[in-house]
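Summary of the model geometry
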Amino acid sequence: MKQKLVVIGAGMASGRVLEQLTETAPDAFDITLFNAEPRGNYNRIMLSPVLSGEKTYVEIITHDDAWYAARGVKTVLGQAVTKIDRAAKTVTSAGVETPYDQLIIATGSAPFIIPVPGHKLSGVVTYRDLEDTNAMIAAAKPGAKAVVIGGGLLGLEAAAGMQLRGMEVVVIHLMGHLMERQLDPAAGYLLQKSLEQRGMKIHCKGATKAILGKDRVEAVLLEDGTVYDADIVCMAVGIRPEVRLANDAHLDVGRGITVNDAMQTSDPAIWAVGECVEHDKQLFGLVAPLYDQAKVLAQALLGQAAAFRPVQTATKLKVTGCDLFSAGDFADAPGREDIVFRDPARGVYKRLVIEGDKLIGAVMYGDTADGNWFFGLIKDGSDITTMRETLIFGPAYQGGATADPTAAVAALPPSAEICGCNGVCKGKIVEAVLAGANTLDLVRSTTKASASCGTCTGLVEQVMAVTLGDGFTANANPAMCKCTDHTHEDVRRLIKAGSLKSIPAVMQELGWKSVGGCASCRPALNYYLLADWPTEYQDDRQSRFVNERNHANIQKDGTYSVVPRMWGGVTTPAELRAIADAADKYDVPMVKVTGGQRIDLLGVKKADLPAMWADLNAAGMVSGHAYSKGLRTVKTCVGSEFCRFGTQDSTGLGIKLEKLLWGSWTPAKVKLGVSGCPRNCAEATCKDIGVICVDSGYEISVAGAAGMDVRETEFLIKARTEAEAMEIIAAFVQLYRENSRYLHRIYKWVAKVGLDWCRAQVEDPATRRALYDRFMLSQSVYQTDPWAELSQPDQLAQWAPMADLSLEAAE
Amino acid sequence: MTLWMDIGALTDIPQQGARVVKTAAGCVAVFRTADDQVFAIDDACPHKGGPLSEGIVHGSSVTCPLHAWVFSLETGMAQGADTGAVNSYPARVEAGRILLDASRLARRAAA
């Protein structure tokens, strides 16, 4: 006699079970299919193309009425099963009891609704079934506004679909980057950029506070106060297994309905399959494992031995134009290594995660052609040792025995594009090299290859190496740090060329190899950005070395030194009293006169800094920036005011220069000296910039040093007037700010660019004026006293411990 | 036994920054990374006692401000060629508050 099989839920998993059963054993069961939705099985993952208008509902039906009829499956559609009676072996739907011998629960999952105020307003939908899809399609009038809450797989597909239907779409995502479960931050960033380029607005780190509206939804309010107008709101923040029926029937339920390897629940006559089940503490959301479950369940029902073993799954985003693939495990963990390939200009990113000799994860964006091949390596646990060097290039390069990266490049056809930014193919580079361009710079200038974003520099060098053979020597200029292959010079150039205006943007666009950089590149990038974009970039305090972050010099014991500015080395009795008072009040262990003509208070505790600054501020003093890569001091002699040899007011000029230049950030510290006559009492000729006053004006010399290296300044230019001297010096400082690499003092920079070039810049009145104007623009932002800012009442907490447990812990 | 103690709000610490918690046996540095993870380790570098809380935080590492030793915030181990370690303490964030394991801190004080 035929057994009675009842199936609850017509989803993709149960559809597959029915196919398997009716194919292998058409006469084994008398099947009744219940579905709460008023239709049979359809391909739910194809709802996205339906939403976007690329497909119609009819095209995604997997099992139509005729299919059920032909196989004798009785269907009860649009009617939910409300109860399972395990003792009587019946299910109840609309008051009617249907008996079963075997029961399959395939209730799938229910979308998660964030219970914010307004979540029940009309116009708030989830993205789960055809009803939701149709609601979104109905709302899609051109110009209508949609807000999607949730930037995961489903949310982005909903967003893309509605956008294709002409709506203005905002995606609000709680996490720092899109699809954080499938993508690492880098790929998430590329995805976000690509979606934004198509006009979608993405708001990451956005927490929904309320959905606003009277009768129906009008807007969405975020915790940060942002409001987005909305004609429809789609919540796609996640799903949870639909387990209510199973719970009511007292089956074992964890997060999902607990099943064994044969997909059997705690009741031997009841089986479960699909998104509603929990197997070995794992839930399943993607279709591949569900199909595996369906196969196992069909076999088990027919009395065959079968066991469900979850396998790795891969994800692809079904958004037209966004090529995205992820598989396996790609989280950072000890013992794991990354192979990363980036071509930001083409929007290509590939990351392979390797553990031991196996590939365990892959994230790809922009070019996913090799995704399935990588997925195969992950699934099979293949040993990738022999192909590791060329693995990232995909299966095309795994043919021969020689896994030499240059061999891969050698194998490229002449038409292969090497530089995506400038559309330069391999043939063109080879041609240029054969015509005599034997250095990277020459290749750059003749072909433009790697001259824009620079990411393909390595590839260009490989093409050169293949072409030139032993005649090729790679660029000797070392990389900025271990986080990148770019030199400081490249990074500065690319920041300007690409209008990169934040540290994350630089790291992303230039293909940084580390997460968050390191203690060596972060301060450099912060400097480059604030120097190049003074009015747009926001100084990042956390990317500064402790001295600049705390505006005081850290000492070996963790205390700090405080140095107030003494303009040109001139002070007053009142200032000296205030300094003495501060030294007393804060128990300063040492008061020392510095080489830069000012006073150093050493051994100050961090917690005392703001109060001490406030006291010194009150006496009219500001930070001396004795800790900064910036203008330190202008050392002066007494000059014509008092000195019988003085030719000009060197003290006065020194003070004016210090007042002009203070507060500016520079690649390394900058010290000036102004001497009133060639006797040079201010030792101006071993400073970064020195001025020697003579009867006829001011001789400005630069690039001196009196540290690890000692060198005399070299004559730059002579100024007739004080005003001219000041403009030249400010312009020269700006030239240095704009062109030097970080931490190079002026003498090192001048040695690189040449004094003649520097002189040509400041000699030309127009260039000089432009430099001066850019310097003053930067000063309009940065010439502020950090002491005054950081000693404000709302800034005080940060200088003290956040908690004091010393008493509690002692008990 | 773990005894979670509220020591302040997550927002009390800047992203990629640190603050210290004073205990009888010296300071513990509490770090907040760019992705809002929180870690607690001893505030003294084993090399020359540098205050790690004043270092530059990058990824889940910190570089000591005195001589640039790099430590993993997750394990407290020195990275790269340097060898050494600092104690690390269980820390977590719940509803925007930072919780430290007080029992571990107390054992540290007693040691």
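Residues numbered from 1 in each chain as written. Chains lettered and ligands numbered in written order. Predicted model: local features only at pLDDT ≥ 70, side-chain atom pairs only at ≥ 80, totals over all residues. Heavy atoms only, no water.

A closer look at the overall build of chain B
Scanning chain B from terminus to terminus reveals one helix and 10 strands. Ordered by position in the sequence, the α and β elements of chain B form the string β-β-β-β-β-β-β-β-β-β-α. Radius of gyration (C-alpha) of chain B: 13 Å, near the 13 Å computed for a compact globule of 111 residues. Sorting the 111 residues of chain B into buried and exposed places 50% on the buried side. When contacts within chain B are restricted to residue pairs at least 6 apart in sequence, those whose partners lie at least 24 apart make up 40%. Looking at chain B as shown, the accessible area adds up to about 4600 Å², and 51% of this sits on carbon and sulfur atoms. (Helix = DSSP H or I, 4+ residues; strand = E, 2+ residues; numbered from the N terminus. Rg over C-alpha atoms; globule rule 2.2 N^0.38 Å. Buried < 20%, exposed > 50% of the residue type's maximum accessible area, 1.4 Å probe, protein only. Contact = heavy atoms within 4.5 Å. Areas by Shrake-Rupley, 256 points an atom, 1.4 Å probe, with all protein chains shown as cover.)

Concerning the environment of A:Leu212
Residue and element names in this part refer to chain A. Relative to the elements of secondary structure, Leu212 occurs in strand S13 (residues 208-213). In this structure the C-alpha to C-alpha distance between Leu212 and Val227, which are 15 residues apart in sequence, comes to 9.2 Å. Setting aside its immediate chain neighbours within four residues, Leu212 contacts Leu121, Val217, Glu218, Ala219 and Leu221.

A word on the sheet that holds strand S31 (residues 599-604) of chain A
Residues and elements named next belong to chain A. Sheet architecture is open: four strands sit in the order S28-S29-S31-S30, paired in antiparallel fashion. Both edges of this open sheet fall to strand S28 (553-554) and strand S30 (590-593), since each of them pairs with a single strand only. As paired strands, S28 and strand S29 (residues 560-562) are joined by two bridges and run antiparallel to one another. If you follow Asn553 over to S29, its bridge partner there is Ser561. Packing of helix H20 (residues 609-618) onto the sheet brings it into contact with S29 and S31, and relative to S29 it is tilted by some 5°. (Pairing = 2+ DSSP bridges. Axes fitted to C-alpha atoms, helices over the stretch in contact; angles between N-to-C directions.)

Thoughts on the interface of chain A and chain B
Every contact between the two is made by 34 residues of chain A and, on the other side, 32 residues of chain B. Carbon and sulfur atoms make up 60% of the surface buried where chain A meets chain B, a total of about 2400 Å² over both sides. Joining chain A to chain B, the criterion identifies two salt bridges. A salt bridge links A:Arg549 to B:Glu54; its shortest N-O distance comes to 3.4 Å. (Buried area = accessible area lost by both parts, 1.4 Å probe. Salt bridge = Lys/Arg side-chain N within 4 Å of Asp/Glu carboxyl O.)

Topic: the pairing of strand S2 (residues 29-35) of chain A
Residue and element names in this part refer to chain A. In terms of burial, S2 is largely enclosed, as six of its seven residues are buried. As paired elements, strand S1 (residues 3-8) and S2 share six bridges and run parallel to each other. When the sheet's bridge partners are listed, Lys4 is paired in S2 with Asp30. Between the parallel elements S1 and S2, the chain passes through helix H1 (residues 12-24) in a crossover that is right-handed. Where S2 lies against strand S3 (residues 74-77), four bridges are found, and the strand directions are parallel. Across the sheet, the residue bridging to Thr32 is Lys74, located in S3. (Right-handed = clockwise from strand over helix to strand, strands pointing away.)

As for the packing of aromatic side chains
Residues and elements named next belong to chain A. For the structure shown, the criterion picks out 12 aromatic pairs over all chains. Consider the rings of Tyr42 and Tyr57, whose centres lie 5.6 Å apart with planes at 75°: the pair is edge-to-face. Of this pair, Tyr42 sits in the loop between S2 and helix H2 (47-52) while Tyr57 sits in helix H3 (residues 57-60), and the two are 15 residues apart along the sequence. For the pair Tyr736 and Trp749, a centre-to-centre distance of 5.4 Å together with 50° between the ring planes defines the contact as tilted. Taken as a pair, Tyr736 in helix H22 (residues 722-739) and Trp749 in helix H23 (residues 746-753) lie far apart in primary sequence, 13 residues in all. Among the residues examined, Tyr736 registers a relative accessible area of 0% and is labelled buried. Taken together, the ring pairs in this structure connect Tyr527, Tyr528 and Tyr742 into an aromatic cluster. (Phe/Tyr/Trp six-rings, centres within 6.5 Å; stacked < 30°, edge-to-face > 60°.)

Overview of the environment of A:Ala723
Residue and element names in this part refer to chain A. Structurally, Ala723 can be placed in helix H22. When its relative accessible area of 55% is taken as the criterion, Ala723 is described as exposed. A sequence separation of 70 residues divides Ala723 from Leu653, and the C-alpha atoms of the two residues are 9.4 Å apart.

Overview of helix H21 (residues 650-661) of chain A
Residue and element names in this part refer to chain A. Between its terminal C-alpha atoms H21 stretches 16 Å, which fits the 16 Å expected from 12 residues at 1.5 Å a residue. Counted residue by residue, H21 has nine buried out of 12 residues, so it is predominantly covered. When we look at burial in H21, the residues that qualify are Ser650, Thr651, Gly652, Leu653, Gly654, Leu657, Glu658, Leu660 and Leu661. Contact partners of the buried residues in H21: strand S32 (631-636), strand S33 (670-675), strand S34 (689-694), strand S35 (697-702), H22 and helix H25 (765-782). (Expected span 1.5 Å × (residues − 1).)

Considerations on the nonpolar core
Nonpolar side chains in soluble globular proteins tend to end up buried together. Residue and element names in this part refer to chain A. Ile84, Val91, Leu103, Ile104 and Ile105 are the most contacted members of the largest nonpolar core, which has 51 residues in total. Ranked by the residues each element gives to this core, the list is headed by helix H9 (residues 287-301), at seven residues. Ile84 has contacts with Ile8, Thr90, Val91, Tyr100, Leu103, Ile105, Leu245, Ala249 and Ile270, leaving out every residue within four places of it along the chain. (Core = buried A, V, L, I, M, F, W, Y, C linked by side-chain atoms within 4.5 Å.)

So, the state of the cysteines
Using the criterion set out here, one finds zero disulfides over all chains in the structure. In this model A:Cys521 remains outside any disulfide bridge; the closest cysteine sulfur is found in A:Cys481, 3.7 Å from its own. (Disulfide = S-S within 2.5 Å.)

Some points on the sheet that holds S13(A)
Residues and elements named next belong to chain A. Read from one edge of the open sheet, three strands run S13-S14-S15, paired in antiparallel fashion. Edge positions in the sheet fall to S13 and strand S15 (227-229), since each of these pairs with one other strand and no more. If you compare each strand with its neighbour and ignore which way they point, the axes differ by 20° on average. As defined by bridge partners, S13 adjoins strand S14 (residues 217-222) across five bridges and the pair is classed as antiparallel. Within S14, the residue paired with Ile211 across the bridge is Val220.

Quick notes on the side chain of A:His63
All names here are of chain A. Of note, His63 is situated in the loop between H3 and helix H4 (65-70). Engagement of the side chain of His63 in a polar contact is seen with the side chain of Glu19, the distance being 2.8 Å. With sequence-adjacent residues up to four places away left out, His63 is seen in contact with Gly15, Glu19, Asn41 and Tyr68. (Polar contact = N/O pair within 3.5 Å; in protein donor to acceptor, adjacent residues only side chain to side chain.)

Remarks on the side chain of A:Ser701
All names here are of chain A. Along the polypeptide, Ser701 turns up in strand S35. A polar side-chain atom of Ser701 sits 2.7 Å from a polar atom in the side chain of Thr713. Once residues lying within four places of it in the same chain are set aside, the contact partners of Ser701 are Asp688, Ile689, Gly690, Thr713, Glu714, Phe715 and Leu716.

With respect to the pattern of salt bridges
Residues and elements named next belong to chain A. Across all of its chains, the model carries 36 salt bridges over all chains by this definition. In this structure, Arg745 and Asp688 form a salt bridge, with 2.9 Å as the shortest nitrogen-oxygen distance. Highlighted residues: Arg745 in the loop between H22 and H23 and Asp688 in the loop between S33 and S34, separated in sequence by 57 residues. Residue classification places Asp688 among the buried positions, given a relative accessible area of 1%. Note that Arg768 is salt-bridged to Glu727, the shortest N-O span being 3.8 Å. Within this pair, whereas Arg768 is found in helix H25, its partner Glu727 is found in helix H22, the two being separated by 41 residues in sequence. The two residues Arg768 and Glu727 agree in class, both being buried. Each of Glu724, Glu727, Arg768, Arg769 and Asp773 takes part in one network of salt bridges that share partners.

Keep in mind these numbers describe shape, not what the thing actually does.
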